[in-house]
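These are the residues of each chain, in order.
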Amino acid sequence: MKRRDFLKAGAVAAPATMLAAPAIAQGKIEWKMPTSFPAKAPGVGTNATTFAARVNAMSDGQLTLKVFSGGELVPPFGVEDAVEQGTAEIGHSTPYYAASKNSALHFFSAVPFGMTAVETTAWLQYGGGQQLWDEIYAERGLKPFYSGSSGVQAAGWFKNPVNSLEDLAGLNMRIAGLGGEAMRKIGVNAVLLPPPEIFPSFQSGAIDAAEWVGPLLDQAFGLQKVAKYCYVPAFHEPSAALEIVVNKDAFDSLPAHLQAVIENAAAAASVETTAQFDYYNALSLKSLQEDGVTFGAFPDDVIAALKTAVAEVMAENAEANPRFAEVQKSYNTFLDLAKDYATLVKEATFTQRV
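What you see is a predicted model, and the numbers here were worked out from it, not measured in a lab. By convention here, each chain's residues receive numbers from 1 onward along its written sequence. For this predicted model, a pLDDT threshold of at least 70 governs which residues receive local features, and a threshold of 80 or more governs which side-chain atom pairs are given and counted, while totals over whole chains, interfaces and linings are taken from all residues. Side-chain calculation: all heavy atoms of the structure are included, whereas hydrogens and water are not.

### Topic: the pattern of salt bridges
This is how the line gets drawn: One side-chain nitrogen of Lys or Arg within 4 Å of one carboxyl oxygen of Asp or Glu is enough to make a salt bridge. Under the scheme used here, helices are H or I runs from DSSP no shorter than 4 residues and strands are E runs no shorter than 2 residues, and both carry numbers assigned from the N terminus. Between buried and exposed lies partly exposed: a residue is buried under 20% and exposed over 50% of the maximum accessible area for its type, with that area taken using a 1.4 Å probe on protein chains only.
The final tally for this structure, using the stated rule, is 14 salt bridges. Note that lysine 101 is salt-bridged to aspartate 81, the shortest N-O span being 3.0 Å. With lysine 101 in the loop between strand S4 (90-93) and helix H4 (117-126) and aspartate 81 in helix H3 (residues 79-85), this pair connects stretches of sequence that are 20 residues apart. Judged by relative accessible area, lysine 101 falls into the partly exposed class, the value being 45%. Close ionic contact of glutamate 316 with lysine 185 constitutes a salt bridge, the shortest N to O distance being 2.9 Å.

Given below as structure tokens:
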């Protein structure tokens, strides 16, 4: 897989056109499915394409999805808008790309110092998370499905070592989500760029540092060609969820068996993608280390400052948005349980393996 192939696929945004009705031919239903990511990108791109392939196979061709790479049909950050407006019946993205609509959407992607991928899945399925997600999306005529996670991400790539809090001051950094808001509080100029713009902006010097995902995708995008210092783990994204989002009217118009196809194809894609990231992140980490990349953790003063900043960001968002506060309460109720369990069992297991 060549980096230029999937970056090029998401480079040009075409004007969106409204669909009067789903395309139906001889009993077959054809839907448009834009994604926020380059469709050929490992992990995030294949999450969309394998989902679409499963839908086609499981429905025996009765429902087919045409995947449009990020920027090809609609802008990468405009997927949910397109599905809401009917430009496309179904889309693939990550919820916090639409957080300007409702800041509570961050909880369905990632929040700083929050849940791992497995914990997030547990909260969604058994802790009331999916019900809250459904309610919030229904307000915009949408129906969401969890479709996997990148797992623990990287905190970012830097051209120079980060030895103290002062080393971050004034840097222009690509960083997503609530982590970007926290970074601003400690003196970083945080900017959110769509995936195809990360490498060229980093290479040109328009940004001084960049976070994207983790070893697999960061290597595929070529970030190691620009910087040799990568900090892990990501304080802001201990996991980051992907979504399949469907226009609710379009979904409700489907027969029950095709609704089940979408739901089960998303569930299958979630398992495959999370496993893919875990497997290939391990391989890519080794490859990047052999290529001279230094992996390290942020210094204690940086983590302390970020924890203070994150607490402020979360409090500000909860005060500004009752929905954020509502979801936060549910999220933290399970997070507290999950942390106790992880400390007693999981962390001890990892320590014993070393």
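On we go.
### Side note on the side chain of serine 270
To keep things clear, this is the line we draw: Each polar contact in these results corresponds to two N or O atoms within 3.5 Å; when the atoms are within protein, one needs to be able to donate a hydrogen and the other to accept it, and residues that are neighboring in sequence are counted only if both atoms are side-chain atoms. Throughout, a contact is declared for two residues whenever any of their heavy atoms are within 4.5 Å.
By the element assignment, serine 270 lies in helix H10 (residues 256-290). Looking at serine 270, its side chain comes within polar contact range of the main-chain oxygen of alanine 267, at 2.6 Å. Those residues in contact with serine 270 that sit more than four places away from it in its chain are Tyr146, Ser147 and Gly148.

### Here we look at the nonpolar core
Selection rule: In plain words, nonpolar cores are sets of buried Ala, Val, Leu, Ile, Met, Phe, Trp, Tyr and Cys residues tied together by side-chain atoms within 4.5 Å.
Membership of the largest hydrophobic core comes to 47 residues, with the highest contact counts inside it found for Phe108, Phe158, Met183 and Phe298. Put simply, the parts of the chain that give this core at least two residues each are H4, helix H5 (129-138), strand S5 (142-149), helix H6 (177-185), strand S11 (241-247), helix H11 (300-320) and helix H12 (322-353). Among the nonpolar cores identified, the runner-up in size contains 27 residues, and Tyr97, Phe199, Ile207 and Ala227 belong to it.

### Some details on the environment of tryptophan 31
Tracing the chain through its elements places tryptophan 31 in strand S2 (residues 28-34). According to the relative accessible area criterion, tryptophan 31 is buried, its value standing at 3%.

### Quick word on empty space enclosed by the protein
Unoccupied space between atoms shows up once a probe the size of one water molecule is rolled over them. Rules: With a 1 Å grid spanning the protein atoms alone, the term cavity applies to any set of points in which a 1.4 Å probe fits but cannot get out, the term pocket to an open set with protein on both sides within 12 Å along at least five of seven lines, and the term lining residue to any residue with an atom within 4 Å of a point. Grid points are joined across faces, edges and corners, and a volume is the space filled by probe spheres set on the points. Each residue gets one label: Ala, Val, Leu, Ile, Met, Phe, Trp, Tyr, Cys and Pro are nonpolar, Asp, Glu, Lys and Arg are charged, and the others, such as Gly, are polar.
Tallying each qualifying case throughout the model produces 2 cavities of 30 Å³ or more. Along its surface, the largest cavity is lined by 16 residues, and Tyr96, Gln153, Trp212, Val213 and Ala240 are the ones closest to its centre. When grouped by side-chain class, the residues that make up the lining of the largest cavity number 10 nonpolar, 3 polar and 3 charged. The volume enclosed by the second largest cavity comes to roughly 40 Å³. As for the second largest cavity, its lining consists of Phe107, Ser109, Ala110, Val111, Met115, Thr120, Pro238, Ser239 and Tyr331. Looking at the lining of the second largest cavity residue by residue, the classes come out as 6 nonpolar, 3 polar and no charged.

### What about the sheet that holds S11?
Stated precisely, the cut-off is as follows: When DSSP finds two or more bridges between two strands, those strands count as paired. Only the contacting stretch of a helix is used when fitting its axis, a line to C-alpha atoms as for every element, and angles between N-to-C directions run 0 to 180 degrees.
Strand order across the open sheet formed by 3 strands is S4-S11-S5, with antiparallel pairing between neighbours. Bordering the open sheet on either side are S4 and S5, each of which pairs with just one other strand. Averaged over all pairs of adjacent strands, the angle between their axes in this sheet comes to 20°, without regard to strand direction. The pairing of S5 with S11 spans 6 bridges and is classified as antiparallel. Across the sheet, residue serine 149 finds its bridge partner in S11, namely alanine 241. The strands touched by H10 within the sheet are S5 and S11, with S5 carrying the most contacts at an inclination of about 30°.

### Overview of helix H2 (residues 44-58)
Rules: A helix is expected to reach a length of 1.5 Å times the quantity of its residues less one.
Helix length check: H2 (15 residues) gives 21 Å between terminal C-alpha atoms against 21 Å at 1.5 Å per residue, within 8%. The complete set of buried residues in H2 reads Val44, Gly45, Asn47, Ala48, Phe51, Ala52 and Val55. In the segment just after H2, aspartate 60 is the residue with positive phi, at about 55°.

### What about the sheet that holds strand S7 (residues 172-174)?
Strand order across the open sheet formed by 6 strands is S8-S7-S9-S6-S10-S12, with mixed pairing between neighbours. The two strands at the open ends of the sheet, each matched to only one other strand, are strand S8 (189-191) and strand S12 (294-296). For S7 and strand S9 (residues 209-210), the ladder comprises 2 bridges, and the chain directions are parallel. Residue arginine 174 lies in a different strand from S9, and its bridge partner there is alanine 210.

### Considering the packing of aromatic side chains
Rules: Any two of the Phe, Tyr and Trp rings considered here, Trp counted by its six-membered ring, make a pair once their centres fall within 6.5 Å; the pair's planes then place it as stacked at under 30 degrees, edge-to-face at over 60, or tilted in between.
Evaluation of the coordinates by the stated rule reveals 18 aromatic pairs. Where phenylalanine 158 meets phenylalanine 298, the ring centres are 6.0 Å apart and the plane angle is 70°; that geometry is what we call edge-to-face. Taken together, the residues span a long stretch of sequence, with phenylalanine 158 in strand S6 (residues 156-158) and phenylalanine 298 in the loop between S12 and H11 at a distance of 140 residues. Residue classification places phenylalanine 298 among the buried residues on the basis of a relative accessible area of 8%. Members of the aromatic cluster, connected to one another through ring pairs, are Phe107, Phe108, Trp123, Trp133, Tyr137, Phe324 and Tyr331.

These figures come from the coordinates and say nothing about function on their own.
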